[in-house]
Amino acid sequence: MGLVENYELYEILGLHIFGRKMQHELILIDDLLFALVGIEGRYISIKRVHGKADVVSFQVDASMDLALQEFAKRIFPLCESYLLIDEFVESRSQFKHGLVNHAFAAALRAFLLDYQAMVAQLEHQFRLRRLSIQGLWFYCQPMTGSMQALSTVIRKVSANNYAGSAVLNLLQSQAMAGDSAVRSLLEKMTHSASNAYLSILERWIYEGVIDDPYDEFFIAENKSLQKESLTQDYDAKYWRQRYSLKKDIPSFLANIAGTILTTGKYLNVMRECGYNVQVPVSENSKLMTFGSNHQYLECVKAAYEFASGELLSLIKEKYDLIGKLRSIKHYLLLDQGDFLVHFMDIAREELLKKHDEISVEKLQSLLDLALRTTAAAADPCHEDLTCCVERSSVLKGLSRLKDLDIKNVSHGNDLEEPISITGLETFSLSYKIQWPLSIVISRKALTKYQLIFRFLFHCKHVERQLCGAWQMHQGVRALNSHGTAISRSSLLCRSMLRFINSLLHYLTFEVLEPNWHVMHGRLQTAKSIDEVIQHHDFFLDKCLKECLLLLPELIKKVEKLKSLCLQYAAATQWLISLSIDIPKLDEQSDGSVGSGKLKSKNPSQVQKVMTRNSAVTDSILKFEREFNAELQSLRPILSSSSQAEPYLTHLAQWILGAGNDQ
């Protein structure tokens, strides 16, 4: 065959081969257009991994030209992303997956419509024979990055079963890692998905209502905790745990999550009080989007300030918080103690009984009588005062309060409980606190008031007993007792009275009064109910500390001194009666009285009088030695602690000064 004939044959064969290749390319483009919307073709198939619903792969027939296979494999990631996103949209469009997922799926569905429109345009170009395999790749390339970014988010959401805040946080974090087009797309998705979340937030900060049917909001509500528990639960769980923050908080709200929580809590308090308060909302206050202008932050701040101001005004003015605290101060901090003096007089017999034998009903009736017949009757809040009898002493009660910062607790464990404690050690006053004041004056706060009251009450009891002993000494002043046991006893009684009076003066005028005035001033300028709670709790903790109730080593010494004072006061009548017997014996001997020297010549009488006088003197000297030793043992303790605790310097000046005066 000649050259011409060979050339013609090669041309025919070349055209045939080229025609077949063109035909394969057209078939592949057609298959790829189907694959772009998740449909198999003649040469392209879809493979799924068993047990992994979100893992799909597209495969091209091996008979296809290798160059065409490589082009197809470049486009397959886009096909796989579409299929994954489409299946996610179908599954997450159900409300059971939460409002955020539902809104995210809706945004994805809108995005897929744009994507499908692009595929339709490519198909139109293909029907007009204007689309090559290279052209298909060129037009698909810009969409590939966005689709892969969305499929990455979807895989993580599906794998971890994310909902609510977790979805929003994932979208935001992924947006930071992409290029400008991906960032813009993911930010748009975040805004769309957050709309449902912000609608929940809006109801919370404007109405105090958690409208969260699928448990997506970052604030949890514990409906088992009721406001009534504030007057019974020492831990005050209602205020801290009725509404609380969850772990998953949207990152764009993380810095103001506490403010958001507090705003809704304040609105809920007012609703519980019967006030349907709603934050005034304008068009500019809508929280339907968030962005770089931070308008949503201003909306939250404005809602917080409104709710805080309304609640504070309600509690201060309508429920008279300051007046209630002042009334508690009158009774539990003994600011007006005239009722207590009368009560201790008429209830003495009942209070001397063992704590398990006391009739609380009788004590209550006696307390009511004391309140009605003294200046306390003018206080409209006096009817809220009740009495109770605790099971243990103040010191044992302190050891059970875990939240108090009690120093040297190991020393507190060896504090001896009296063998038989009476009502004088266990009597306490209580106060009826109604909602919403119970938020501030909770069970915990009231318990701290009671601890201070019980300590003051027992100090008052010691003072009364020593005053009785002092009156007995004054009753025998007519006798010439200079240099006798009565004279020594009188000096000891005066020293003990100075100690207890100095202690009471320190507690009331150096601790309670100044701290009260500081707290009162702070409450007047408080901007929120949480600030009020903080100032009130700080006042109580500071008073407990400066009243020595959180210092076991010191309180143990003070309790020992008080015990010695009570023992001495109880023995005073016996000591004085024995001492008075001496001049009576004089009178029996020669009819004269008052010399203090025995003129009887009866040796047995002389011996008897000398023995009694010696016993009285020894008893007084023993009380004196023990009291002075305990008083002086306070000096090194106060000196070593006064640098860290300045208030102990004032205590040393009052108490030790009284001890040096005798």
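Each chain carries its own residue numbering, running from 1 in the direction its sequence is written. Restriction of local features to residues with pLDDT of at least 70 applies here, the model being predicted, together with a cutoff of 80 or more for giving and counting side-chain atom pairs; totals for whole chains, interfaces and linings are based on all residues. Hydrogens and water are ignored here; the side-chain numbers use all heavy atoms of the structure.

The name an unreviewed UniProt entry assigns to the protein chain is Gamma-tubulin complex component, from the organism Gossypium tomentosum. UniProt positions are given in the numbering used here, feature names are shortened, and annotations may be inferred rather than shown by experiment. The Sequence similarities (unreviewed entry) comment attached to the protein chain in UniProt states, word for word, "Belongs to the TUBGCP family."

The helix and strand labels rest on DSSP assignments: H or I over at least four residues marks a helix, E over at least two residues marks a strand, and numbering proceeds from the N terminus. Helix and strand content of the protein chain: 22 helices and six strands. Across the 662 residues that make up the protein chain, the buried fraction comes to 47%. The contacts of the protein chain with a sequence gap of at least 6 include a subset with a gap of at least 24, amounting to 74%. Of the roughly 32,600 Å² of accessible surface on the protein chain, a fraction of 52% belongs to carbon and sulfur atoms. Relative accessibility thresholds used throughout: buried, under 20% of the residue-type maximum; exposed, over 50%; partly exposed, between the two (1.4 Å probe, protein chains only). Only heavy atoms enter the contact rule, under which two residues are in contact if any of them lie within 4.5 Å. Using the Shrake-Rupley algorithm and a 1.4 Å probe, accessible areas are obtained, with residue cover drawn only from the displayed protein chains.

As a further point, take the pairing of strand 5 (residues 385–389). Taken across its five residues, strand 5 has four buried, putting it largely inside the fold. If DSSP finds at least two bridges between two strands, the strands pair. Taken together, the five bridges between strand 5 and strand 6 (residues 427–431) define a ladder with antiparallel strand orientation. Looking at the pairing, L385 lines up with Y431 of strand 6.

Here helix 17 (residues 443–475) crosses helix 19 (residues 529–546) at 30 degrees, and the two axes come no closer than 10 Å. Classified by the angle between their axes, helix 17 and helix 19 sit roughly parallel to one another. Crossing angle aside, the handedness with which helix 17 passes helix 19 is left-handed. For the pair helix 17 and helix 19, the contacting residues are A445, K448, Y449, L451 and I452 in the first and H536, F539, L540, D541, C543 and L544 in the second. Residue polarity is assigned by list, with Asp, Glu, Lys and Arg as charged and Ala, Val, Leu, Ile, Met, Phe, Trp, Tyr, Cys and Pro as nonpolar; anything else, Gly included, falls into the polar class. The class makeup of the residues in the contact of helix 17 with helix 19 is eight nonpolar, one polar and two charged. Axis lines are fitted to C-alpha atoms, over the contacting stretch for helices. Their N-to-C directions set the angle, which ranges from 0 to 180 degrees. What sets the label is the angle itself: under 35 degrees gives roughly parallel, over 145 gives roughly antiparallel, 65 to 115 gives roughly perpendicular, and the rest give oblique. A clockwise turn of the near helix away from the far one marks a right-handed crossing, whereas an anticlockwise turn of less than a right angle marks a left-handed crossing.

What follows covers the packing of aromatic side chains. Ring pairs are drawn from Phe, Tyr and Trp, using the six-membered ring of Trp, whenever the two centres fall within 6.5 Å, and their geometry is named by plane angle: stacked under 30 degrees, edge-to-face over 60, tilted for the rest. This structure, assessed with the given rule, holds 18 aromatic pairs. Summarising the aromatic geometry, the rings of Y197 and F217 are spaced 5.8 Å apart at their centres and angled 55 degrees between planes, so their arrangement reads as tilted. In this pair, Y197 sits in helix 6 (residues 180–207) while F217 sits in the loop between helix 6 and strand 3 (219–221), placing the two residues 20 residues apart along the sequence. Taken as a pair, Y197 and F217 share a single burial class, namely buried. Whether a charge sits over a ring depends on NZ of Lys or CZ of Arg being within 6 Å of the ring centre and within 35 degrees of the ring normal. Cation over ring: R74 sits above F71, and NZ or CZ is 5.0 Å from the ring centre. Here the basic side chain of R74 rests over the ring of W137, its NZ or CZ set 5.9 Å away from the ring centre.

With that settled, the discussion passes to unusual backbone geometry. Put simply, W435 and P436 share a cis peptide bond, and its omega is 5 degrees. In this structure, L334 is a non-glycine residue whose phi angle is positive, near 55 degrees. Of note, L334 is situated in the loop between helix 10 (321–332) and helix 11 (338–346). We classify L334 as buried; its relative accessible area is 12%. One non-glycine residue, L548, adopts positive backbone phi at about 75 degrees. Turning to its location among the elements, L548 is positioned in the loop between helix 19 and helix 20 (552–590).

The next point concerns the pattern of salt bridges. The working definition used for a salt bridge is a side-chain nitrogen of Lys or Arg within 4 Å of a carboxyl oxygen of Asp or Glu. Tallied over the entire structure, the rule returns 19 salt bridges. Note that R464 is salt-bridged to D345, the shortest N-O span being 2.4 Å. Of this pair, R464 sits in helix 17 while D345 sits in helix 11, placing them 119 residues apart in sequence. For R464, a relative accessible area of 29% gives the class partly exposed. Linking R488 and E624 is a salt bridge whose minimum nitrogen-to-oxygen distance equals 2.7 Å.

This paragraph deals with the side chain of E25. By the element assignment, E25 lies in helix 1 (residues 3–35). E25 gets classed as buried once you look at its relative accessible area, which sits at 14%. When near neighbours in sequence (up to four residues on either side) are disregarded, E25 contacts L68, S132, I133 and Q134.

Counting residues in hydrophobic clusters, the biggest one holds 195 residues, and the most contacted among them are L36, L136, I260, L332, F343 and L429. The element best represented in this core is helix 18 (residues 485–525), accounting for 16 residues. Non-local contacts of L36, meaning those with residues more than four positions away in its chain, are made with I75, L78, C79, Y82, Y115, V119, L136 and C140. Residues enter a nonpolar core if they are buried and are Ala, Val, Leu, Ile, Met, Phe, Trp, Tyr or Cys, with the set joined through side-chain atoms within 4.5 Å.

Below, the discussion takes up the packing of helix 10 against helix 18. Across the interface, helix 10 lies against helix 18 with an axial gap of 12 Å and an inter-helix angle of 170 degrees. Classed by the angle they form, the pair helix 10 and helix 18 counts as roughly antiparallel. Every residue of helix 18 that contacts helix 10 at I322, L325, R326 and K329 is listed here: E513, W516, M519, H520, L523 and Q524. Tallied by class, the residues present in the contact of helix 10 with helix 18 amount to five nonpolar, two polar and three charged.

With that settled, the discussion passes to the side chain of D31. Here D31 shows up in helix 1. Once residues within four sequence positions are removed from consideration, D31 is found in contact with I39, G41, R42, Y43 and I44.

A helix's residues, less one, multiplied by 1.5 Å, set its expected span. The end-to-end C-alpha distance of helix 13 (residues 360–372), which contains 13 residues, comes to 18 Å, matching closely the 18 Å that a straight helix rising 1.5 Å per residue would cover. Burial in helix 13 covers these residues: L363, Q364, L366, L367, A370 and L371. Take helix 13 and look down its axis: the buried residues cluster within an arc of 165 degrees, on one side only. Exposed residues lying more than 90 degrees from the buried face of helix 13 are E361 and R372. Contact partners of the buried residues in helix 13: helix 10, helix 11, helix 12 (348–351), strand 5 and strand 6. Picture the helix axis, draw a direction to every C-beta atom, and the arc is the one those directions span.

Attention shifts here to the environment of E513. Within the secondary structure, E513 sits in helix 18. Linking E513 and C543, residues 30 residues apart in sequence, is a C-alpha distance of 9.7 Å. Residues contacting E513, with those up to four places away along its chain left out, are K329, D335 and T508.

If you check helix 10, its first and last C-alpha atoms are 16 Å apart, about what 12 residues at 1.5 Å a residue would give, namely 16 Å. The buried count for helix 10 comes to 11 of 12 residues, which makes it a mostly enclosed element. Burial in helix 10 covers these residues: L321, I322, G323, K324, L325, S327, I328, K329, H330, Y331 and L332. In the segment just after helix 10, L334 is the residue with positive phi, at about 55 degrees.

What follows concerns the confidence of the model for the protein chain. The pLDDT value tells you how sure the predictor is about a given residue, anywhere from 0 up to 100. On average, residues of the protein chain score 80 in pLDDT, and 81% of them are at 70 or above. Within the protein chain, the lowest mean pLDDT, 42, falls on helix 15 (residues 409–412), and the highest, 93, falls on helix 19. Here residues 408–415 scores under 50 on pLDDT; set against residues more than four positions off or in separate chains, the count is 10 contacts. Note on residues 582–601: pLDDT is under 50 here. Beyond four places in sequence and across chains, it has 27 contacts.

With that out of the way, let us pick up the environment of L83. The topology assignment puts L83 in helix 2 (residues 66–92). Separated by 46 residues in the primary sequence, L83 and V37 have C-alpha atoms spaced 7.1 Å apart. If we skip the residues at most four places from it in the chain, L83 touches G38, I46, R48, V56 and F58.

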